[in-house]
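Listed here are the chains, written in short residue letters.
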Amino acid sequence: MKPDWDALGSEYADSKTVIIADVDCTAAGKPLCEKYGVRGYPTIKYFNPPDEEGEDYKGGRSLDDLKKFAANELGPGCSVDALENCSDAQKKELEQYIAMPPEERTTMLESLKEELKTAEAKHEALLKELQATYKESMDSLEKLKEASAPKIKLLKAASPAPKAEASATTKDEV
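This is a predicted model, so every value here is computed, not measured. (Residues numbered from 1 in each chain as written. Predicted model: local features only at pLDDT ≥ 70, side-chain atom pairs only at ≥ 80, totals over all residues. Heavy atoms only, no water.)

(A) Focus on the packing of aromatic side chains. The tally for this structure, following the rule as stated, stands at three aromatic pairs. The interplanar angle of 80 degrees and the centroid separation of 5.1 Å between the aromatic rings of Tyr36 and Phe47 together place this pair among those described as edge-to-face. Here the residue Tyr36 occupies a position in the loop between helix H2 (30-35) and strand E1 (45-46), and Phe47 occupies one in the loop between E1 and strand E2 (55-56), the gap between them amounting to eleven residues. Both rings, one in Tyr57 and one in Phe69, keep their centres 4.7 Å apart while their planes meet at 65 degrees; by these two values the pair is edge-to-face. Here Phe69 lies in helix H3 (residues 63-73) and Tyr57 lies in the loop between E2 and H3, a separation of twelve residues in the sequence. Residue Tyr57 shares its accessibility class with Phe69, and that shared class is buried. (Phe/Tyr/Trp six-rings, centres within 6.5 Å; stacked < 30°, edge-to-face > 60°. Helix = DSSP H or I, 4+ residues; strand = E, 2+ residues; numbered from the N terminus. Buried < 20%, exposed > 50% of the residue type's maximum accessible area, 1.4 Å probe, protein only.)

(B) Fine view of the state of the cysteines. In the structure shown here, the tally under the stated rule is two disulfides. Between Cys25 and Cys33 runs a disulfide, and the two sulfur atoms are separated by 1.8 Å. Across the S-S bond linking Cys25 and Cys33, the dihedral sits near -70 degrees, which makes this disulfide left-handed. Pair check on accessibility: Cys25 and Cys33 agree, each one buried. Ordinal numbering of bonded cysteines along the protein chain defines a disulfide pattern of 1-2, 3-4. (Disulfide = S-S within 2.5 Å.)

(C) Broad picture of the pattern of salt bridges. Counting across every chain of the model gives seven salt bridges. The closest approach of N and O atoms between Lys2 and Asp6, which form a salt bridge, is 2.9 Å. Remark: Asp6 and Lys2 occur in helix H1 (residues 2-11); sequence separation between them is four residues, near one turn of the helix. According to the relative accessible area criterion, Lys2 is partly exposed, its value standing at 48%. The exposure class of Asp6 is partly exposed, given its relative accessible area of 35%. Of the charged contacts, one joins Glu11 and Lys67 as a salt bridge, the two residues approaching to 3.3 Å between their closest N and O atoms. With a gap of 56 residues between them, Glu11 in helix H1 and Lys67 in helix H3 connect regions that are remote in the sequence. A relative accessible area of 47% means that Glu11 is categorised as partly exposed. Overall, the relative accessible area of 30% leaves Lys67 in the partly exposed class. In the salt-bridge network here, residues are joined through shared partners; they are Lys2, Asp6 and Asp22. (Salt bridge = Lys/Arg side-chain N within 4 Å of Asp/Glu carboxyl O.)

(D) Region of interest: the nonpolar core. Residues Trp5, Leu8, Tyr12, Val18, Ile20, Ile44, Tyr46, Tyr57, Leu66, Phe69 and Ala70 constitute the largest nonpolar core, which totals eleven residues. When residues of this core are traced back to their parent elements, those giving at least two are H1 and H3. By residue number, the principal contributor to this core is H3, which donates three residues. With residues near it in sequence (within four places) discarded, Ala70 still touches Leu8 and Tyr12. (Core = buried A, V, L, I, M, F, W, Y, C linked by side-chain atoms within 4.5 Å. Contact = heavy atoms within 4.5 Å.)

(E) View of the environment of Glu104. Positionally, Glu104 belongs in helix H5 (residues 102-158). For the pair Glu104 and Asn85, spaced 19 residues apart in sequence, the C-alpha to C-alpha distance is 25 Å.

That is the geometry; function is a separate question.
Structure, rendered in structure tokens:
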């Protein structure tokens, strides 16, 4: 993916509205990655003004997919300060929020953020629980395999080979 990402960056190197960049989350960029919730690598995040929190890119990773996304989705976004970037449908939807008192918008935004934060924490807790259950199950399975292998081997050794097939090269594995 890195060569395609670098090619996309070269294509947009002179753009006044789109920046293609990468951050090494294992070195100096670690605090930035933590701030934006980057947990796995490679992760693609994109930011369209006025968005300051970024969104996770979930599209294809080929150069063609990345080019299509960049051409159609990246750049200044629709906002009260940039209505020229809004479609008629976006303007209509935005009007209801523009008409809201600022305190109500802030409260609604904070409430949604808190709801997302709570859901993420619940999801992470479930993931940890599932991983622990999976590890217990794998450990139990491995112990059973180890404990039963000698007995299985003896039981097979005690059983005479079928007379119809005189294949001495057949092997059973556990």
